[in-house]
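Observations on the three-dimensional arrangement
The chain contents come next:
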Amino acid sequence: MARWCYRHRLVVLLVWVGALFGVGFSASSAGTDYANVFSLPDTDSKSAYDLMQKAFPNTSGDTDTVVWKTDRGSVRDAAVRDRVQPALDAIAKVRGVGAVAGPYDGPGGAAQISRDGTIAYAQLTFVQRANEIPKDVVQQVLDTAQGAERGGLEIELGGQAIQRVQEPPQGLSEMVGIVAAAVVLFLAFGSFFAMTLPIAIAVFGVGMGLFSTQLLSHTTNIPDIAPLLASLIGLGVGIDYALFIVTRHRRGILRGMDPEEAAVTALNTSGRAVLFAGGTVCIALAGMLVTRLRFLDGVVIGTSLTVVLSVLAAVTLLPALLGFLGPRVLSRRQRRRLAAEGPVPERASGLAARWSANVEKRPRRIAALAVVVMAVLAVPVLSLRLGATDQGNDDASTTTRKAYDLLAEGFGPGFNGPLQVVSAGGDTATLVEDIRATSGVARAAALPPARGVTVIQVVPTTSPQSKETDDLIDTLRDRVIPEAGADAHVGGVTAVSKDFAAVTGDRLPLFVATIIGLGFLLLLVAFRSLVVPLTAAVMNLIAAAASFGVLVAVFQWGWGLDLLGLGKEGPINAFLPVIMLSLLFGLSMDYQVFLVSRMHEEWVHTRDNARAVRVGLAETSRVINSAALIMVCVFLAFVLSGDSGAAMAGVGLAAAVALDAFILRTALVPAAMHLFGTSNWWLPGWLERRLPHLAVEPQEEPAAAAPQAPSGPSGPATAVHGFVRTADGDPVEDASVTLMSTGGRQLDRVTALADGSYIVSVPAPGAYLLAVTSPSYGSKARHLTVTEGPLVYDVELTGDEVDAVT
């Protein structure tokens, strides 16, 4: 498939461009129909909601609020009234506004004025839900209301529709993330053209995913946060997957392969790993379904679809784009060097090699330090409290936050989150009196009954997000309602949020066990080991605990919120643990597979655990860290999204990926594998015989276009021999000498004798790669051209070499 896409690159590109524009045009014409459906079967708030639907079936449209405060006199004064009432009358005439209920509309409006007379509010009822109202209509309402402001009279607006118009422009966070990723890619590749490839793949994958999700919102319930989360994860995995493939492709060209063969080899190796990694991400996302929370079903659909399309773009569109670029995927310096010196292997950086050697020398110290760091970061998770954010968590400069604070100031902190006690029978009058007498209740009033259902509006004395309000809900349900003998249920947004958090917390252990168990099985089959998947499972739990600790410290304790411009502290969104754990599991599996597959390959060849871990870390750490840095940039950019849920997910995932890649995969995992020794690769014989065989990355074949010796492409077997010595001429005993094809396949391997001498057999004349490795002096790799006779080649190790060939 990769070869077909490479050779028919124009067709592939036109198909992708046509699909993107076609789906985009359809989505733009159809519009959006996102719906936040919290289905919580067998919960008290769901029973209250069902009764409300029965009694008031026609309640629809978003309800927002206009709040004003005067610094002098009362809001009842003619000077204030003459400025506010005309604005409310003008708002009532705006297209899309159904009704405006203000404090100046008869005796009933007196309840909408605070006791001290300085703050009042009016309720606006739109004819559509918040996400369906055109932004120009909402902006007109906002401008009309705030146009009545004057010195000493402050007017603010709150509500979901108002919140939409104060969000940053759509696409801002994505653009910032792409620019940051482009900078990292350019530093990693040193080539503008190579930099554009992962960006292009991510744009196509995310674009198709978002447009498709938008179309699907008309056929199933998809929450409005799903597109943000889909673009967040889609950008990250799309860029990372393309980065892995492009890195392997560039390596092949540097080894002397033809660009087409390099692309085919890259897709047949790293491309397979991308398919495996993308599959694990989708499986992890689908794990959210075990929670049976309908709100998350739409998130699973949007994010999984975007990941699938990103993987599809990586394995079809990317080889086509590689065909357009050819050797220009290398930097100019690399192309000049390749033309002048011939094939030159791309090597692990000196820093990566030195770090890998340090981990091997001091595994206990490094492992202990990493565990201490992760444990300290995980401490705040002990005070984790799940809940829901509201406009009280918006930035202090926004009109929604100011309206929220004014209502709390004038009518009490509980006014922004009233409870609804819905009664379908019993003594309602007694129930109202008992509720009013309950500690924590500011006021309670029964609305006129409808169809045998009475709704009692209860305003707590505490804010919607406080623990005291949660305790009040439990008191009403467990004591007040049963003692009154009423058939009633506690509902409202605050009660729904509490029940959602409780249900999520109850089902979280099952969800964690599901995805951890699934990851264990996948790695068990892939690496034929019990210790490797067990280590990965423990590392996932450590990363989750530490990243949630960071979330609690930032969003619940408020550390750094002002610096990040993220508003006010509050509980962690109840749905976030499930989403974060799914994404963290999938992404950490990517890094674990990429790291351990190289270690496993070296272990299979050498049966030397120390060397396998050292070489695997040295050769993969740079790519893993680059990929993680890109992820961190993309995720942190979603702080600019204007959505508190997306910002919370962005910060949490950025912390999780950074800790997973820079501490766990780069330090703790290799240190632990050094300590475990050969036990890393142990598998009982009976289990080995029963497990299916799964090769995540098949062995590369020798390059088809490898340069041959001048004497001819074939001939009798021959040899390479010589001495391995230091710069001072001393023999290097026990140095490992490996002969490989230019494609990276091992052909022969020996250990130098006491005098430093070695001899490796060569199957036929041609071009080869000779790698010499010593624990004390590092490694050196050179391309050799062997003719019909034996080749004498002495190797000098100085101690400054890098650790093996990438």
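Since the structure is predicted, the reported quantities are computational estimates derived from the model, not experimental observations. (Residues numbered from 1 in each chain as written. Predicted model: local features only at pLDDT ≥ 70, side-chain atom pairs only at ≥ 80, totals over all residues. Heavy atoms only, no water.)

1. Focus on the sheet that holds strand S4 (residues 153-158)
For clarity, the threshold we go by: Two strands pair under a simple rule: DSSP has to find at least two bridges between them. Elements are defined by DSSP. Helices are runs of H or I of four residues or more, strands are runs of E of two residues or more, and each kind is numbered from the N terminus. Here an axis means a line fitted to C-alpha atoms, over the contact stretch when the element is a helix, while the angle between two N-to-C directions is reported on a 0 to 180 degree scale. Only heavy atoms matter for contacts: two residues are in contact if any of them lie within 4.5 Å across the pair.
Spatially, 4 strands are ordered S2-S3-S1-S4 in an open sheet, and the strand pairing comes out antiparallel. Bordering the open sheet on either side are strand S2 (97-101) and S4, each of which pairs with just one other strand. Direction aside, neighbouring strands of the sheet carry axes that sit 20 degrees apart on average. Pairing analysis gives 7 bridges linking strand S1 (residues 63-70) to strand S3 (residues 119-126), with the strands arranged antiparallel. Looking at the pairing, Asp-64 lines up with Leu-124 of S3. Along the sheet, helix H4 (residues 78-92) contacts S1, S2, S3 and S4; its crossing angle with S2, the most-contacted strand, is approximately 155 degrees. Where helix H5 (residues 135-146) meets the sheet, its contacts fall on S1, S2, S3 and S4, and the angle it forms with S4 comes to roughly 160 degrees.

2. Description of the sheet that holds strand S15 (residues 766-774)
As summarised here, the arrangement of the 4 strands in space is S13-S12-S15-S16, forming an open sheet in which the pairing is antiparallel. The outermost strands of the open sheet, each flanked by one partner alone, are strand S13 (746-751) and strand S16 (778-786). In this sheet, neighbouring strand axes are inclined to one another by 20 degrees on average, regardless of whether the strands run parallel or antiparallel. Strand direction decides the pairing type here: S15 and S16, joined by 9 bridges, are antiparallel. If you follow Val-772 over to S16, its bridge partner there is Lys-780.

3. What about the pattern of salt bridges?
Convention followed: The term salt bridge refers to a side-chain nitrogen of Lys or Arg lying within 4 Å of a carboxyl oxygen of Asp or Glu. Per-residue accessibility, obtained with a 1.4 Å probe over protein chains only, is compared with the maximum for each type, and a residue is labelled buried under 20%, exposed over 50%, and partly exposed between these values.
Inspection of the entire model under this criterion finds 17 salt bridges. The closest approach of N and O atoms between Glu-260 and Arg-7, which form a salt bridge, is 2.7 Å. Of this pair, Glu-260 sits in helix H10 (residues 259-286) while Arg-7 sits in helix H1 (residues 2-7), and the two are 253 residues apart along the sequence. On the basis of relative accessibility, which here comes to 14%, the residue Glu-260 falls in the buried class. Between Glu-483 and Arg-479 there is a salt bridge, with the nearest N and O atoms lying 3.9 Å from each other. Of this pair, Glu-483 and Arg-479 both sit in helix H17 (residues 467-484), 4 residues apart, which is roughly one turn of that helix. For Arg-479, a relative accessible area of 40% puts it in the partly exposed group. Put simply, Arg-3, Arg-7, Glu-260 and Glu-261 are held in one network by salt bridges that share partners.

Don't take any of this as a statement about function, it's just geometry.
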